[in-house]
Amino acid sequence: MSERSSSARASTRGITVAVDVALFTSRGSELAVLLLPVNDPRRRPRERWALPSVILRRDESPDAAATRAAGTALEVDPTLIEQAGARAAANAGADSVDLAITYFGLVPVADGAMHQGAMWATLVELPQLEARQRDGVNGALAAMRARVDDSPIAFRLLPPAFTLSELQTVYEMLLGRRLHKASFRRSLHAASLVEATDEWRSEGRGRPAQLFRYAPRRRKRPRRGVRFDLLV
């Protein structure tokens, strides 16, 4: 076969696009990602895990494919799902993927929300993943953390009513760092992110803590970003 005919075939071959979804939830104070077992008889008895993933169909958008991928692992819809980025993938393996599009999603309730065989793995106990899957987790995590300061995505992991301590724990978990308590609460007040309710909850031996709720935007002007100081 001539070099010209080989190049012509390569240019007309369809591109295989994989859509990978990193779904995050809280496990105590740790951030966890949802993984599915990989059925590969050639690798047994070694256990392999991967992110929920589908091959993009010709008649669907990447967003629709991401929702479909999440459905292979979850029995509930994520409260948030956004694209994290795209990258060229090594053309190896059974799926021969040329391009991988990664999404991140948030799931507020981990227990009972996943299909049989799936598992939540904390980031500190993440099993070994193949290169594309590992890069997908890292890319999704970076994209999600970049959104925390300028978008109220942290509230997607909380019930309608919560304490400020619970909210700070979620922010610390998403950002991967500790925050100064007084500075955190001043930032919330300045950004008008929450409003107090008339409910209180007992937490240990101390005085009951007031419950708050997310305050939806009521003005057309842009909401201020939230700048958090680290705990020194």
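To start, this report covers the structure provided alongside it. (Residues numbered from 1 in each chain as written. Predicted model: local features only at pLDDT ≥ 70, side-chain atom pairs only at ≥ 80, totals over all residues. Heavy atoms only, no water.)

What about the packing of helix 4 (residues 164–175) against helix 5 (residues 181–191)?
Here is step 1 of the chain: It is the contact of helix 4 with helix 5, at a shortest axis distance of 11 Å, that shows an interaxial angle of 100°. By the angle between their directions, the pair helix 4 and helix 5 is classed as roughly perpendicular. Residues Leu164, Ser165, Leu167, Gln168 and Tyr171 of helix 4 form the contact with helix 5, whose participating residues are Lys181, Phe184, Arg185 and Leu188.
Here is step 2 of the chain: Residue composition of the contact of helix 4 with helix 5, by class: 5 nonpolar, 2 polar and 2 charged. (Axes fitted to C-alpha atoms, helices over the stretch in contact; angles between N-to-C directions. Helix = DSSP H or I, 4+ residues; strand = E, 2+ residues; numbered from the N terminus. Parallel < 35°, antiparallel > 145°, perpendicular 65-115°, else oblique. Contact = heavy atoms within 4.5 Å. Nonpolar A, V, L, I, M, F, W, Y, C, P; charged D, E, K, R; others polar.)

Focus: helix 3 (residues 131–148)
Here is step 1 of the chain: Over its 18 residues, helix 3 runs 26 Å from end to end, which matches the ideal 26 Å to within 8%, given 1.5 Å per residue.
Here is step 2 of the chain: Those residues of helix 3 that fall on the buried side of the exposure criterion are Arg132, Gln133, Gly136, Val137, Ala140, Leu141, Ala143, Met144 and Val148. (Expected span 1.5 Å × (residues − 1). Buried < 20%, exposed > 50% of the residue type's maximum accessible area, 1.4 Å probe, protein only.)

Here we look at the environment of Pro208
Here is step 1 of the chain: Residue placement: Pro208 occurs in the loop between strand 8 (194–201) and strand 9 (209–214).
Here is step 2 of the chain: Using a relative accessible area of 39% as the deciding quantity, one classes Pro208 as partly exposed.
Here is step 3 of the chain: Placed 45 residues apart in sequence, Pro208 and Thr163 show a C-alpha to C-alpha distance of 9.9 Å.
Here is step 4 of the chain: Setting aside residues up to four positions removed in sequence, Pro208 forms contacts with Trp200, Arg201 and Ser202.

A closer look at the pairing of strand 2 (residues 30–37)
Here is step 1 of the chain: In terms of burial, strand 2 is largely enclosed, as 6 of its 8 residues are buried.
Here is step 2 of the chain: Note that strand 1 (residues 17–27) and strand 2 share 4 bridges and pair antiparallel. Opposite Phe24, over in strand 2, you have Val33 as the bridge partner.
Here is step 3 of the chain: In this antiparallel pair of consecutive strands, strand 1 and strand 2, the connection spans 2 residues, and Gly28 shows a positive phi of 70°.
Here is step 4 of the chain: Bridge count between strand 2 and strand 3 (residues 49–50): 2 bridges; the pairing is antiparallel. Bridge pairing links Pro37 to Trp49 in strand 3. (Pairing = 2+ DSSP bridges.)

Remarks on the packing of helix 3 against helix 4
Here is step 1 of the chain: One way to put it is that helix 3 packs onto helix 4 with a least axis distance of 9 Å and a crossing angle of 135°. Judged by the inter-axis angle, helix 3 sits oblique to helix 4. Where helix 3 abuts helix 4, its residues Met144, Arg145 and Val148 lie against Tyr171, Met173, Leu174 and Leu175.
Here is step 2 of the chain: Here the residues of the contact of helix 3 with helix 4 sort into 6 nonpolar, no polar and 1 charged.

Observations concerning the packing of aromatic side chains
Here is step 1 of the chain: Within this structure, the stated rule accounts for 3 aromatic pairs.
Here is step 2 of the chain: Both rings, one in Phe155 and one in Tyr214, keep their centres 4.7 Å apart while their planes meet at 40°; by these two values the pair is tilted. Taken as a pair, Phe155 in the loop between helix 3 and helix 4 and Tyr214 in strand 9 lie far apart in primary sequence, 59 residues in all.
Here is step 3 of the chain: Overall, Phe155 belongs to the buried group, its relative accessible area being 9%.
Here is step 4 of the chain: Centre to centre, the rings of Tyr171 and Phe184 are 5.5 Å apart; their planes meet at 65°, and the pair counts as edge-to-face. Residue Tyr171 is located in helix 4, and its partner Phe184 is located in helix 5; the two are separated by 13 residues in the primary sequence.
Here is step 5 of the chain: In textbook terms, an aromatic cluster arises when at least three aromatic residues are bridged by ring pairs, as seen for Phe155, Phe162 and Tyr214. (Phe/Tyr/Trp six-rings, centres within 6.5 Å; stacked < 30°, edge-to-face > 60°.)

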